[in-house]
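The lines below spell out each chain.
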Amino acid sequence: MSRQATSARDPDTRATLKALRRAARRARELGAKTGTPVYVIQDRRIVDLTKQDRILAKQRLKQREAR
C-alpha cells in the first residue's frame, strides 16, 4: 500500500496512508481513555488493541519495578 501511495501524483492520495495512521493512533488513545475496545483483524482473528495495550503496559511496569 505505501508503494502505491508514494507513487501517486495526487497529493491527497499520497497523504492517505499518513491520515489513516493518525486516525488509528487517535482511536487507540480514545479507546484507552474511555475503556472502549478497538477491534482489528490480526492473523485472521479479531483482536482488541486496547486490551493488548493494557497488557503491554502492565508488563513494562513490572519490568521497571524489577530493576
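Scroll up a little and you will see the structure.
Note that this is a predicted model, so its numbers are computed, not measured.

(A) How the structure looks around the side chain of Asp48. Inspection of the secondary structure puts Asp48 in strand S2 (residues 45-48). Buried and without a salt bridge, Asp48 has Arg54 as its closest oppositely charged side chain, separated by 4.5 Å. Of the polar contacts made by the side chain of Asp48, one reaches the side chain of Thr50; its length is 2.6 Å. If we skip the residues at most four places from it in the chain, Asp48 touches Pro37, Val38, Tyr39 and Arg54.

(B) Fine view of a positive patch on the surface. Taken together, the side chains of Lys51, Arg54, Lys58 and Lys62 make up a positively charged region of the molecular surface. Of note, Lys51 is situated in helix H3 (residues 49-66). Residue Lys51 is classed as partly exposed on the basis of its relative accessible area of 48%.

Calculation rules
Residues numbered from 1 in each chain as written. Predicted model: local features only at pLDDT ≥ 70, side-chain atom pairs only at ≥ 80, totals over all residues. Heavy atoms only, no water. Helix = DSSP H or I, 4+ residues; strand = E, 2+ residues; numbered from the N terminus. Buried < 20%, exposed > 50% of the residue type's maximum accessible area, 1.4 Å probe, protein only. Lys, Arg positive; Asp, Glu negative; His and termini not counted. Salt bridge = Lys/Arg side-chain N within 4 Å of Asp/Glu carboxyl O. Polar contact = N/O pair within 3.5 Å; in protein donor to acceptor, adjacent residues only side chain to side chain. Contact = heavy atoms within 4.5 Å. Patch = residues over 30% accessible without salt bridge, like charges linked within 9 Å, V, L, I, M, F, W, Y side chains within 5 Å. Areas by Shrake-Rupley, 256 points an atom, 1.4 Å probe, with all protein chains shown as cover. Charge placed at Lys NZ, Arg CZ, Asp CG, Glu CD.

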